[in-house]
Amino acid sequence: MAGVTTWVLDEAEELNDEDTFDKIDFSIRAKDIQNRVILILNPATKEHFIYNRFFESKGVEEGSNTTKNDTTYIHTTYLDNKENLSESFISQVEQMKQNNPNKFKHVILGGWLDKAEGVVFDNWKFGEFNPDDLQTSFGQDFGFTIDPTTLVEVAIDKKKKILYLKEHLYKNKLTTSEIAQININICGRKLIIADSSEPRLIDELRKLGCNIIPAVKGTGSINAGVELMKDYLIIVEPNSKNIAKELNNYVYVDKGSKLYVDDYNHIIDPTRYNITYHLTGSYSVDIR
């Protein structure tokens, strides 16, 4: 029986899970024939594994038409088909180029974004974590197969209006005992405010020695927590790459909306739990 020799993935930017890509990629392995994996995509943000794996790590500039090792790059834009396009379309494109050059670069020329369009947080930068040695606490979100279990350390400078974040955990498929050991090693007896959707898990972690409490659900708490975070300068410890990834990709559902896409929030959510707890004297999470 002949094996699969070609895999064509259209809108490849919508596949965010590199492990899933690898599983299919490794199945394209027929002998004595050229095997091909063809990715057709509109570039997303630079945190996407496709950019990291096929552009950044290979030293290939975006917009290239080249071959690098076993990868061929074909980049096309409206300029390759300009003679067949209407004058009104060309006029719209030129207007976008003048009025919104960043959108023109991404949407029309296919450039990779530093951050997603409609991003919620633009008030952050990399920097030293907690240089003034403020008291810290932790936030935790739980996952297993698809979503990661996370642990973020939070320090809040209320006078300077600065929120410091440091990533300690962002990993799938952890057991309760593994989470407990990680929490104890990193947090000691410091407070952890965790996702309340897993009450049994929180109770088990408490019995295993974690100083952990559940965040309590409350109406409107997503917006309240997000607004508190937006009111502070957020400093992200430089090695906390998943925090940066989430901040660059956590977006509104649509323009002018106060609803947020339920993705890229595995550290943002437990950060909300912390800032709400410390700034309002309560702790609450969202009602989805």
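Just above, that's the structure.
Quantities reported herein were computed from a predicted structural model and do not represent experimental measurements. Residue indices begin from 1 for each chain and proceed along its sequence in written order. It should be noted that, the model being predicted, local features are given only for residues of pLDDT at least 70 and side-chain atom pairs only at 80 or more, the latter also being counted only at that level, while totals for whole chains, interfaces and linings use all residues. Excluding hydrogens and water, the side-chain values take into account all heavy atoms of the structure.

Regarding its fold elements, the protein presents nine helices and 13 strands. Across its three principal axes, the protein shows a C-alpha extent of roughly 65 × 55 × 35 Å. Whether a residue is buried, partly exposed or exposed follows from its accessible area with a 1.4 Å probe, protein chains only, as a fraction of its type maximum: under 20%, in between, or over 50%, in that order. Counting the 288 residues in the protein, one finds 43% classified as buried. Contacts in the protein between residues far apart in sequence, at least 24 positions, make up 63% of those at least 6 positions apart. Every helix listed is a DSSP run of H or I at least four residues long, and every strand listed is a run of E at least two residues long, numbered separately from the N terminus. In what follows, a contact means two residues having at least one pair of non-hydrogen atoms within 4.5 Å.

Moving on, we come to the side chain of Glu237. Following the sequence through the fold, Glu237 ends up in the loop between β12 (233-236) and α8 (241-249). When charges are counted, neither His nor the chain ends are considered; positive counts come from Lys and Arg and negative counts from Asp and Glu. The term salt bridge refers to a side-chain nitrogen of Lys or Arg lying within 4 Å of a carboxyl oxygen of Asp or Glu. The buried charged residue Glu237 lacks any salt bridge, with Lys166 as its nearest oppositely charged partner at 5.5 Å. Non-local contacts of Glu237, meaning those with residues more than four positions away in its chain, are made with Phe126, Gly127, Phe129, Leu165 and Lys166.

With that out of the way, let us pick up the pattern of salt bridges. Per the counting criterion, the structure on display carries ten salt bridges. Note that Arg53 and Asp25 form a salt bridge whose closest N and O atoms lie 3.7 Å from each other. Placement of the pair is Arg53 in helix α2 (residues 49-56) and Asp25 in helix α1 (residues 18-25), with a sequence separation of 28 residues. Judged by relative accessible area, which is 23%, Arg53 ranks as partly exposed. The closest approach of N and O atoms between Asp132 and Lys160, which form a salt bridge, is 3.2 Å. Separated by 28 residues along the polypeptide, Asp132 in the loop between β5 (124-126) and β6 (136-141) and Lys160 in the loop between β7 (149-157) and β8 (162-171) bring together distant segments of the chain. With a relative accessible area of 39%, Asp132 lands in the partly exposed category.

For Asn130, which is not glycine, the phi dihedral falls at a positive 50°. Within the secondary structure layout, Asn130 lies in the loop between β5 and β6. For Asn130, a relative accessible area of 11% puts it in the buried group. In this structure, Lys161 is a non-glycine residue whose phi angle is positive, near 60°.

Turning next to the pairing of β6. For β6, a buried count of six out of six residues is recorded, marking the element as mostly surrounded by other parts of the structure. By the bridge criterion, three bridges tie β6 to strand β9 (residues 192-194) in an arrangement that is parallel. Paired with Gly139 across the bridge in β9 is Ile193. Being paired, for any two strands, means DSSP has found at least two bridges between them.

Quick look at the nonpolar core now. Think of a nonpolar core as a cluster: buried Ala, Val, Leu, Ile, Met, Phe, Trp, Tyr and Cys residues, connected wherever their side-chain atoms sit within 4.5 Å. Ranked by internal contacts, the top residues of the largest apolar core, which has 23 residues, are Phe121, Leu163, Ile234, Leu247 and Tyr250. Those elements giving two or more residues to this core turn out to be β7, β8, α7 (221-230), β12, α8 and α9 (268-280). Core analysis: the next-biggest nonpolar cluster, separate from the first, contains 15 residues, Leu174, Ala180, Leu201 and Ile202 among them.

What follows is about the sheet that holds strand β10 (residues 212-214). Here we have seven strands laid out as an open sheet, ordered β5-β12-β8-β7-β6-β9-β10, and mixed in their pairing. The open sheet has two edge strands with one neighbour each: β5 and β10. For this sheet, the mean angle separating the axes of adjacent strands, direction not counted, is 30°. Lying over the sheet, helix α6 (residues 199-207) contacts β6, β9 and β10, oriented at roughly 160° with respect to β10. Axes, fitted as lines to C-alpha atoms, cover a helix only where it is in contact. Angles between the N-to-C directions of the axes lie from 0 to 180 degrees. With respect to the sheet, α8 is in contact with β5, β7, β8 and β12, its orientation differing from that of β8 by roughly 110°.

This brings us to the packing of α1 against α2. Running from amino to carboxyl end, α1 crosses α2 at an angle of 60°, the nearest separation of the two axes being 10 Å. Classed by the angle they form, the pair α1 and α2 counts as oblique. Between α1 and α2, the residues in contact are Glu18, Phe21, Asp22 and Asp25 and Phe49, Arg53 and Phe54, respectively. A class-by-class count of the residues in the contact of α1 with α2 yields three nonpolar, no polar and four charged. Orientation is classified from the angle alone, with under 35 degrees giving roughly parallel, over 145 giving roughly antiparallel, 65 to 115 giving roughly perpendicular, and any other angle giving oblique. Polar here means any residue other than Ala, Val, Leu, Ile, Met, Phe, Trp, Tyr, Cys and Pro, which are nonpolar, and Asp, Glu, Lys and Arg, which are charged; Gly is therefore polar.

For α7, every residue scored as buried is listed here: Ser221, Ile222, Gly225, Val226 and Met229. The buried residues of α7 occupy one face: seen down the axis, they fall within an arc of 130°. Throughout, the arc means the angular range of directions from the helix axis out to the C-beta atoms.

This part takes up the packing of helix α5 (residues 176-187) against α6. Closest axis-to-axis distance for the α5/α6 pair is 10 Å, and the angle between their directions is 55°. The angle between α5 and α6 places the two elements in the oblique class. In terms of crossing hand, the pair formed by α5 and α6 is right-handed. The residues of α6 that touch α5, namely those facing Thr176, Ile179, Ala180 and Asn183, are Leu201, Glu204 and Leu205. Each residue belonging to the contact of α5 with α6 can be placed in one class, and the counts come to four nonpolar, two polar and one charged. Crossing handedness is read from the near helix: turned anticlockwise from the far helix by less than a right angle, it gives a left-handed crossing, and turned clockwise, a right-handed one.

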